[in-house]
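What the coordinates show
Read off the chains here:
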Amino acid sequence: MVSKLEAKNINVHYGTFHALKNINLKVKANTVTALIGPSGCGKSTFLRCFNRMNDLIDTFKIEGDMTIDGRDIYAKKIDVTAHRKKVGMVFQKPNPFPKSIFENVAYGLKVNGITHKKFIAETVERSLQQAALWEEVKDKLHKSAFALSGGQQQRLCIARTLAVEPSVVLMDEPASALDPISTAKIEELIHELKEKYTIMIVTHNMQQAGRVSDKTAFFYMGELIEFDDTSTIFTNPKIEQTHRYITGRFG
Amino acid sequence: MIHIEIELQKLKNQVNEMGSLVGKQIKKCIIAFVEMDKNLAKEVKIQEKRVNAFELKIDRDCENIFALQNPVAGDLRLVFATLKVNYNLERIGDNAEGIAQYVMQAQEKFDKKLLEETRFQEMADNVLHMLNDICTAYATDDTKLARTIFQRDSVVDEINKNATEIIAKYITENHSKALAALYLLTIIRKLERTGDHITNIAEEVIFYVEGKVLKHGKKDIPLEG
């Protein structure tokens, strides 16, 4: 079976800095993979490689093979904009556009040239429902997105990502700026979304990694130290470094 | 030392204290039984309340560590195992109290010849040493020492198994001493159960140190090192 996401001998440099060292990792479809490790270990760099966001950094250089559905995402013929449509991204801080709730979710469709009003309205509603936000905003769709709470804004950003129908959703600490109730909602959402999407999440919250993910990858100083079932990582990791990190002995 | 390490060390210290108390309880109830010392038996019964208090305290401390420290991996296994070690030590304490209770009820000294025939003292010494060693193994994370328990418990099991026939024969020949003989059989059963609890603790020590599950017939793993 072809892995949904695969990294083969991935090396990343930012100028002379060797940020990722020979990373090999396979991710199955419809699973949640948590990337953990101390700051600067390369987990966010690795996450961003999958939607080619690092391309925007001048000194970035990548070697090795990175595939989604078996296709090389760094092949010359790849249309990067089309690729990013298939690989959605949710960031640490909610970043809605200064537009209405409706326009935020419809944005991706409109910039892709879709003008069919009924289709757009249906997609907005479906995306907001998938992001577990519809019930809270259905009566104020044309109000500013900034009127929403932080947790609602983050779910709005998730809805905006889902509207363009990606198959992979990348999340970079999506709940680190949220209160516990909003965090719980995002986590519940991740559970629901994995039925349709393949999710990769960077988190500094060990309990969150335990709660939401099927697999966990521990990165340290640019290396993938251990990758296993989340339950194994948090009960009986095989590598001492992993044990020391997750139990708080170093970081 | 990070905070959770301090909390876990405090937890282990308490279990070590409880283990030491339970060890004394078993030792005293055996002496009380062999010497028919009812005062010592009474002391065991009184001290049982301390064992129970330890159990409640350790349970509560484990609960607090789960809730407040969110232990994972080896730390999680230690707290999880400690809950079970705590339970097993408390049950050993119950057995000591049970033996003390029989001593208090007994009318006369137990027949020394029958004690010899059933290898009672050998059984009692074995159980005491096993208990002492398993407490050391828990305190020092010594899985090699914990693994010696399984073989030693089979000796205790064998003595228990043979006791039934010996005591049945004794009763048919000594009708008037049937009650005392039945008490002895019950006490032997309690020591056998104590051996089982010590074995359970050995499994927990290996579980939390090595992450290996040895329950239910998976003990025949060769000694390491």
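Structure: above.
Residues numbered from 1 in each chain as written. Chains lettered and ligands numbered in written order. Predicted model: local features only at pLDDT ≥ 70, side-chain atom pairs only at ≥ 80, totals over all residues. Heavy atoms only, no water.

**Quick look at the environment of G42(A)**
All names here are of chain A. Note the cut-off: Numbering of helices and strands runs from the N terminus, with a helix taken as a DSSP run of H or I at least four residues long and a strand as a DSSP run of E at least two residues long. Classification of residues uses two cut-offs on accessible area relative to the type maximum, computed with a 1.4 Å probe and protein chains only: under 20% is buried, over 50% is exposed, and between them is partly exposed. For this analysis, residues touch if any pair of their heavy atoms sits within 4.5 Å.
In this structure, G42 sits in the loop between strand 3 (32-36) and helix 1 (43-49). Residue G42 is classed as buried on the basis of its relative accessible area, which comes to 10%. Between the C-alpha atoms of G42 and T115, which are 73 residues apart in sequence, the distance is 40 Å. In this structure G42 touches A19 and L20, once residues within four positions along its chain are discounted.

**Thoughts on helix 4 (residues 117-130) of chain A**
All names here are of chain A. Quick reminder of the rule: Residue count minus one, scaled by 1.5 Å, sets the expected span of a helix. As used here, the arc belongs to the directions running from the helix axis to the C-beta atoms.
The end-to-end C-alpha distance of helix 4 is 20 Å, a good match for the 20 Å that 14 residues give at a rise of 1.5 Å each. Every buried residue of helix 4 is accounted for by I120, T123, V124, S127, L128 and Q130. End-on, the buried residues of helix 4 take up no more than an arc of 155°, which puts them together on one face. Lining the buried residues of helix 4 we find helix 3 (101-111), helix 5 (134-137), helix 6 (150-163) and helix 7 (180-193). One or two steps after helix 4, the chain reaches A132, where phi turns positive at roughly 55°.

**Some words on the interface of chain A and chain B**
Inclusion rule: Note on terms: buried area is the combined drop in 1.4 Å-probe accessible area of two parts once they are placed together, counting the loss on both. Between Lys or Arg on one side and Asp or Glu on the other, a salt bridge is scored when a side-chain nitrogen of the former is within 4 Å of a carboxyl oxygen of the latter. Counting of polar contacts relies on pairs of N or O atoms within 3.5 Å, with two restrictions inside protein: one atom must be capable of donating a hydrogen and the other of accepting it, and residues adjacent in sequence are counted only when both atoms are side-chain atoms. Charged means Asp, Glu, Lys or Arg here, nonpolar means Ala, Val, Leu, Ile, Met, Phe, Trp, Tyr, Cys or Pro, and polar covers whatever is left, Gly included.
Contact with chain A, which involves ten residues of that partner, is made by twelve residues of chain B. Summing both sides of the interface, chain A and chain B together bury roughly 860 Å²; the carbon and sulfur share of this comes to 49%. The tally of links between chain A and chain B comes to two salt bridges. Measuring nitrogen to oxygen at the nearest pair gives 3.4 Å for the salt bridge that ties R249(A) to E5(B). Linking chain A to chain B there are seven residue pairs in polar contact (both at pLDDT 80 or more). Split into classes, the residues belonging to the side of chain A that touches chain B amount to three nonpolar, six polar and one charged.

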